[in-house]
Amino acid sequence: NAGVMQNPRHLVRRRGQEARLRCSPMKGHSHVYWYRQLPEEGLKFMVYLQKENIIDESGMPKERFSAEFPKEGPSILRIQQVVRGDSAAYFCASSPRKGGDGNQPQHFGDGTRLSIL
Amino acid sequence: SQKIEQNSEALNIQEGKTATLTCNYTNYSPAYLQWYRQDPGRGPVFLLLIRENEKEKRKERLKVTFDTTLKQSLFHITASQPADSATYLCALNAGNMLTFGGGTRLMVKP
């Protein structure tokens, strides 16, 4: 039973390039959450998606960041024109039902470490 | 403002002792509170969920309490082992999302 799969595990980009982070949820899970973790800081919520819908993007920066969860394929977090401050670990989590209200555990991947040169 | 506070200093204990970690929150009224474990370079792993109407929950060597009056949760690991060394995160619901505390690093020495 595969867990949440994120790739790549490490991604290096130069300032101004685009970063695409992929997340395949656990089998049977249709709810996906993205979090960002800066060094020595906690996990910060970014966006909550269901298949083909963005449910809550209140934690996403207004510019350069976007997320999708298409009918087929993984969820994608896209960062355009990356800057040094985007360097962080990005984690994806999934749940079988709506877990954002706290009544369901979230299952996390091992993250993508994004480094901006 | 809303805050979730965990002791940012590492907790060092001797193997076999009970570790107690604290999670305090302000300006939240969560219906649920969760605890996760995170190892370096890995994603968080779910441990326990406790509901607002539950005072205490246990799972093997783990015990969680939830006091909505004090706005506090305590997380206990009894008979601690070096393998329990990790960062422990508390999280509570706020709207559509889980909001996490900054975590407490636990070091269990043999």
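Remember, predicted model here, so these are calculated numbers, not experimental data. (Residues numbered from 1 in each chain as written. Chains lettered and ligands numbered in written order. Predicted model: local features only at pLDDT ≥ 70, side-chain atom pairs only at ≥ 80, totals over all residues. Heavy atoms only, no water.)

If you had to explain the interface of chain B and chain A to someone new, which residues and values would you point to?
Every contact between the two is made by 20 residues of chain B and, on the other side, 24 residues of chain A. When the area that chain B buries against chain A is broken down by residue, the three leading residues are B:Asn96, B:Met97 and B:Phe100, summing to 33%. One can count 1 salt bridge joining chain B with chain A. A salt bridge links B:Arg42 to A:Asp110; its shortest N-O distance comes to 2.9 Å. Seen at the junction of chain B and chain A, the total is 7 residue pairs in polar contact (both at pLDDT 80 or more). Mapped onto the side of chain B that touches chain A, the elements with two or more residues apiece are β4 (32–38), β5 (45–51), β9 (86–94) and β10 (97–100) of chain B. With 4 residues, the single largest contributor to the side of chain B that touches chain A is β4(B). Of the residues that constitute the side of chain B that touches chain A, the class distribution is 9 nonpolar, 9 polar and 2 charged. (Contact = heavy atoms within 4.5 Å. Buried area = accessible area lost by both parts, 1.4 Å probe. Salt bridge = Lys/Arg side-chain N within 4 Å of Asp/Glu carboxyl O. Polar contact = N/O pair within 3.5 Å; in protein donor to acceptor, adjacent residues only side chain to side chain. Helix = DSSP H or I, 4+ residues; strand = E, 2+ residues; numbered from the N terminus. Nonpolar A, V, L, I, M, F, W, Y, C, P; charged D, E, K, R; others polar.)

So, the pairing of strand β11 (residues 112–116) of chain A: which residues are in play, and what are the values?
Residues and elements named next belong to chain A. The element β11 is extensively covered by neighbouring structure, given that 4 of its 5 residues are classed as buried. Judged from the 4 bridges that link them, strand β2 (residues 10–13) and β11 form a sheet pairing that is parallel. Residue pairing for β11: Val12 is matched across the bridge by Ser115. In this sheet, β11 lies alongside strand β9 (residues 88–95) in antiparallel orientation, the contact comprising 3 bridges. Residue pairing in the sheet places Ala88 in a bridge with Leu114 of β11. (Buried < 20%, exposed > 50% of the residue type's maximum accessible area, 1.4 Å probe, protein only. Pairing = 2+ DSSP bridges.)

Just give me the short version of the state of the cysteines, but keep the residues and values in it.
Residues and elements named next belong to chain A. Under the counting rule described, the total for this entry stands at 2 disulfides over all chains. In this model Cys23 forms its disulfide with Cys92; the gap between the sulfur atoms is 1.8 Å. On the sign convention where negative is left-handed, the bridge of Cys23 and Cys92, at about -50° about the S-S bond, is left-handed. With Cys23 in strand β3 (residues 19–24) and Cys92 in strand β9, this pair connects stretches of sequence that are 69 residues apart. A single burial state applies to Cys23 and to Cys92, both of which are buried. (Disulfide = S-S within 2.5 Å.)

Describe in detail the packing of aromatic side chains, supporting the description with residues and values.
Summed over all chains, the structure comprises 11 aromatic pairs over all chains. When the ring of A:Phe108 is compared with that of B:Tyr36, the centres are 5.7 Å apart and the planes differ by 85°; the resulting orientation is edge-to-face. With one member in each of two chains, A:Phe108 in strand β10 (residues 107–108) and B:Tyr36 in strand β4 form a pair that bridges those chains. Residue classification places B:Tyr36 among the buried positions, given a relative accessible area of 0%. Measuring from centroid to centroid gives 5.7 Å for B:Tyr36 and B:Phe46, while their planes differ by 70°, and the two rings are edge-to-face. (Phe/Tyr/Trp six-rings, centres within 6.5 Å; stacked < 30°, edge-to-face > 60°.)

Give a description of the environment of B:Ile4 that names residues and reports values.
Residue and element names in this part refer to chain B. With respect to the helices and strands, the residue Ile4 is situated in strand β1 (residues 3–6). Judged by its relative accessible area of 14%, Ile4 falls in the buried class. Among residues more than four places away in sequence, those in contact with Ile4 are Cys23, Asn24, Tyr25, Tyr28, Cys90, Leu92, Thr99, Phe100 and Gly101.

Keep in mind these numbers describe shape, not what the thing actually does.
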